Amino acid sequence: MSESLELITTSSDEGTLPLPEPLCREIYDKMLTIRRFEEAVLEIYTQGLMRGLAHLYIGQEASAVGICSALNDDDYLTSTHRGHGHLIAKGGKVDRMMAEMMGKVDGYNRGKGGTMHIADMSLGILGANGIVGGGMGMATGAALSGKMRGSGQVAVCFFGDGAINQGAFLESANLASVWSLPVLFVCENNHYGEYTAASDVTAVREHVAERAAGFNMPAMVVDGNDAVAVHQTAVEMVERARAGEGPCLIENKTYRYRGHHVGDGDPEKTYRTQEETDTWLAKDPIPRFARRMLKAGMVDETELESIDADITKRVEDAVTFANESPYPTADEVTDHVYA
Amino acid sequence: MSTPERVITYGEAVREAIAEEMRRDETVFFMGEDVAAAGGVFKVTVGLLDEFGEDRVRDTPISEAGIMGAGVGAALTGMRPIVEIMFGDFITIAMDQIVNQAAKMCYMTGGQAMVPLTIRTTIGAGRSSAAQHSQSLQAWLSHIPGVKVAIPSTPADLKGLLKTSIRDDNPTVIYEDKMMYGLKGPVPDDDDYTIPFGVADIKREGSDVTLVATSSMVHTALKAADMLDKEGIGAEVVDPRTLSPLDMDTIIRSVEKTSRAVVVDEAYQSYGVTGELASRIADEAFDYLDAPVKRVGAMDVPVPFSPGLEPQTIPDEAKLVRTVQGLFHDVTV
């Protein structure tokens, strides 16, 4: 097996924080924003202020933030039904996201998309997606576009362990590899596709990333709850992609602390065990990162509290903004069917 | 002053349209299975690779969903891809990317995104290609808001509509009848010649019956019209040219003149283009009609292989003539 086909397992030394302080502050801010945002979504959903489905990203924050902190503003990403974290990590505004959650006219999509379709084309966010694996082709095409235009842009394709079993993965990974396209396929393996354990339905020895070998692309298995490890992996792979060396498959091992979507019951009573969840709770990416910042002397407890208070306020303001925004008027229903 | 014309084939119209638009706009590129080195299985894209090179004329893996997805992504990010799906039957494999992604991006994003993607694919039976290479599935995508659909019947229409499609900011699908690639006809000798979507064309004037016909069935209808002429029935042949948007005005004006209408399309008759058009004529032209609107489509069977079976499944001029006669003489069709 050639060097490029080795499976590289990545984690970082918890005793160190080998990233510059401004970057660490940004990573922490984004991760905590995602957490507080998702908690607010849970609340508004429970209060009946939000309809439809809400797939929370709680627990997976290090994956989105670790990857997106390695990107430029004009790089592309495609997201999933569990996409709020990706959007915030890429720079999405929480007030306009929250308004979209509620179907309001000030939402990113003027209320036409909702939680599963938020996009911000100005940030290269080509959209969350309601179809599992639905963004894989688009990310590949965005990378092709960047390459053809010589822009140096890369595309990140976020997807879950469920999507690795979609045919779209094979078709996109093959195309991206054979054309050496600058795309990072990032599998967020949270171990459950909806209500089914990935291990029950996925034919790999141990890691989803093993599949990369079939496409002649490098594969990394990363502690997806370690923002440093994810970030460092992303930096390396983004650099490689920009240099024209083609795509890669990154598997971020992580866990969602909530169910598949809000209101679908307690996972620990049905398809997973409390013991397993507890193991993952002990690896919560946010306190883990906070401990490293504390140890490095970048912050103290008081400042952590004040960061949290600021973020909580920002999210509360977003909820207020969304509540106060009107629904689109009925005549908007026929707008934007065509460009 | 009229534009000079040249006679070219339906296949040459494809090549000319793509080449002219690629010369005009460097963001236009073309990809599909066997389209570059081989020039396509129907040889209609021969020469494009030589002129534009392998970056802009790309042979792809046999991965319809992957190619279509890449087309959508490229279209979202500043390019104008033309994606060829060799046989319209294979478009079923790419349906998620067209129906759930491309068609809805502009709407779902509240107008932020546009998908200037052109999809070229083929329809049409008649060459013993059997059930998976002969279907006319144009109704499927005409059903989807957000997609524009063209179904040209002549070299001039194909060239003009394909060029418009490439310039359009929306996902568009061009259904080309694979049996017509050798069909010759005049086209305006003008690099900037285009035809707008949503404008039907009266292919033959007549005063007694309107034959609304698409693609290959336009030629069947023209033959039927010649036969009907001998019986003193003047048939007007209206070609919608695009199914979405659809120019109902021209169709209604024709029916207002003729008081009778027959719709003919090569797809399976049930739940298809003929049903939609007949329903709309019956609804919007009710006051002008002297007879029920009739429709003629393919038999509701998978297209059979055997030359002994296939021809009867496709509408022909004899069946069309009988159908029209039934509107005048109470003949059982």
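Sequence order sets the numbering: in each chain, residues are counted from 1 along the sequence as written. Just so you know, chain letters begin at A and ligand numbers begin at 1, following the order they were written in. Residue-level local features of this predicted model are given only where pLDDT is at least 70; pairs of side-chain atoms are given and counted only at 80 or more, and the full residue set underlies all totals for whole chains, interfaces and linings. Just so you know, side-chain values use all the structure's heavy atoms and leave hydrogens and water out.

## Overview of the nonpolar core
- Counting 116 residues, the largest nonpolar core has Phe159 of chain A together with Leu141 and Ile281 of chain B as the members making the most contacts within it.
- Note that the domain bounds were set by an automatic or database domain assignment. Both of domain 1 (5-188) and domain 2 (201-332) of chain B provide at least three residues apiece to this core.
- Whether two residues are in contact is decided by their heavy atoms, any of which lying within 4.5 Å being enough. Among residues more than four places away in sequence, those in contact with Leu141 of chain B are Ile91, Met95, Ile98, Val99, Val147, Val149, Val173 and Tyr175 of chain B.
- Working definition of a nonpolar core: buried Ala, Val, Leu, Ile, Met, Phe, Trp, Tyr and Cys residues. They are joined through side-chain atoms within 4.5 Å. The buried label goes to any residue with under 20% of its type's maximum accessible area, the exposed label to any with over 50%, and the partly exposed label to all in between, with areas taken from a 1.4 Å probe on protein chains only. Membership of the second largest hydrophobic core comes to 77 residues, among which are Met98, Val222, Met293 and Met298 of chain A.

## Notes on the sheet that holds strand β13 (residues 261-268) of chain B
All names here are of chain B.
- A strand pair is defined by DSSP finding two or more bridges across the two strands. Runs of H or I in DSSP of at least four residues are treated as helices and runs of E of at least two as strands, each being numbered from the N terminus. Pairing is mixed in the open sheet, where five strands are placed in the order β9-β11-β10-β13-β14. Only two strands of the sheet have a single neighbouring strand rather than two, namely β9 (201-204) and β14 (294-298). Each adjacent strand pair in this sheet contributes to an overall mean axis angle of 25°, direction not counted.
- As judged from the three bridges shared by β9 and strand β11 (residues 235-239), these two strands associate in the antiparallel manner. Paired with Asp201 across the two strands is Asp239, which belongs to β11.
- Each of β9, β10 (209-213), β11 and β13 touches helix α7 (residues 216-229); the most contacted strand, β11, lies at about 170° to it. Angles shown run from 0 to 180 degrees and are taken between the N-to-C directions of axes, each axis being a line fitted to C-alpha atoms and, for helices, limited to the stretch in contact.

## A word on the interface of chain B and chain A
- Every contact between the two is made by 42 residues of chain B and, on the other side, 32 residues of chain A.
- The junction of chain B with chain A conceals about 3100 Å² of combined surface from both sides, 64% of it contributed by carbon and sulfur atoms.
- Any N or O atom pair separated by 3.5 Å or less is treated as a polar contact, with the protein-specific requirement of one donor-capable and one acceptor-capable atom, and with residues adjacent in sequence counted only for side-chain atom pairs. Counting across the interface, chain B meets chain A through 19 residue pairs in polar contact (both at pLDDT 80 or more).
- Broken down by secondary-structure element, the contributors of at least two residues to the side of chain B that touches chain A are β2 (28-32), β3 (57-59), α3 (64-76) and α4 (95-108) of chain B.
- Its residues placed into classes, the side of chain B that touches chain A shows 18 nonpolar, 16 polar and eight charged. Two parts lose some accessible area (1.4 Å probe) when they are put together, and adding that loss for both gives the buried area. Gly falls in the polar group here, along with every residue not listed as nonpolar (Ala, Val, Leu, Ile, Met, Phe, Trp, Tyr, Cys, Pro) or charged (Asp, Glu, Lys, Arg).

## Brief notes about the packing of aromatic side chains
- Put simply, two rings from Phe, Tyr or Trp (the six-membered ring, in Trp's case) pair if the centres are within 6.5 Å, and we call them stacked under 30 degrees between planes, edge-to-face over 60, tilted for the rest. All chains considered together, the criterion is met by 11 aromatic pairs over all chains.
- A network of ring pairs unites the aromatic residues Tyr192, Tyr195, Tyr255, Tyr271 and Trp280 of chain A as a single cluster.
- A positively charged side chain is recorded as over a ring if its NZ (Lys) or CZ (Arg) lies within 6 Å of the ring centre. The angle to the ring normal must also be within 35 degrees. In this arrangement the basic side chain of Arg272 of chain A is found over the ring face of Tyr192 of chain A, its NZ or CZ atom lying 5.9 Å from the centre.
- We note Arg260 of chain B situated over the ring of Phe328 of chain B; from NZ or CZ to the ring centre the distance is 4.2 Å.

## Regarding the packing of helix α1 (residues 21-46) of chain A against helix α2 (residues 61-68) of chain A
Residue and element names in this part refer to chain A.
- Running from N to C, α1 and α2 cross one another at 140°; their axes reach a closest spacing of 9 Å. Between α1 and α2, the interaxial angle falls into the category oblique. For α1 against α2, the interelement crossing comes out right-handed. Here Ile27, Lys30, Met31, Ile34 and Arg35 of α1 come into contact with α2, specifically with Glu61, Ala62 and Val65.
- Of the residues assigned to the contact of α1 with α2, the class counts are five nonpolar, no polar and three charged. For classification purposes, an angle smaller than 35 degrees is called roughly parallel, one larger than 145 roughly antiparallel, one from 65 to 115 roughly perpendicular, and anything else oblique. In this scheme, a crossing is called left-handed if the near helix is turned counterclockwise away from the far one by less than a right angle; it is called right-handed if the turn is clockwise.

## Brief notes about the domain arrangement of chain B
All names here are of chain B.
- Domain annotation for chain B reports domain 1 (5-188) and domain 2 (201-332).
- Counting residues at the interface gives 28 residues for domain 1, matched by 27 residues for domain 2.
- In total, domain 1 and domain 2 occlude about 2000 Å² of area from one another, counting both sides; carbon and sulfur atoms represent 58% of this.
- When the buried area of domain 1 at its contact with domain 2 is split by residue, Ser128, Ile151 and Ser153 rank highest and sum to 24% of it.
- Salt bridges are defined as contacts in which a side-chain nitrogen from Lys or Arg sits within 4 Å of a carboxyl oxygen from Asp or Glu. Remark: the boundary between domain 1 and domain 2 carries two salt bridges.
- Of the charged contacts in the structure, one is a salt bridge between Asp157 and Arg241, with a shortest N-O distance of 3.0 Å.
- Run the count over domain 1 and domain 2 and you get 16 residue pairs in polar contact (both at pLDDT 80 or more).
- Contributing elements (two or more residues each) for the side of domain 1 that touches domain 2: α5 (138-142), β6 (148-150) and α6 (155-167).

## Notes on the sheet that holds β6 of chain B
All names here are of chain B.
- Read across the sheet, seven strands follow the order β3-β2-β4-β5-β7-β6-β12 without closing on themselves; strand pairing throughout is mixed. Every interior strand has two partners, whereas the edge strands, β3 and β12 (242-244), have only one. Strand-to-strand twist in this sheet, taken as the mean axis angle between neighbours without regard to direction, amounts to 20°.
- Sheet analysis places β6 next to strand β7 (residues 172-177), joined by three bridges and oriented parallel. Looking at β7, one finds that Lys148 is bridged to Thr172.
- Against the sheet, α6 engages β2, β4 (80-85), β5 (118-123), β6, β7 and β12, with an angle of about 160° to β7.

## Looking at helix α11 (residues 317-329) of chain B
All names here are of chain B.
- Take the residue count of a helix, subtract one, and multiply by 1.5 Å to get its expected span. Helix length check: α11, at 13 residues, gives a terminal C-alpha distance of 18 Å against a target of 18 Å (1.5 Å per residue), a fit within 8%.
- Among all positions of α11, only Leu320, Val321, Thr323, Val324, Gln325 and Leu327 are buried.
- Considering only its buried residues, α11 is in contact with β10, α7, β13 and β14.

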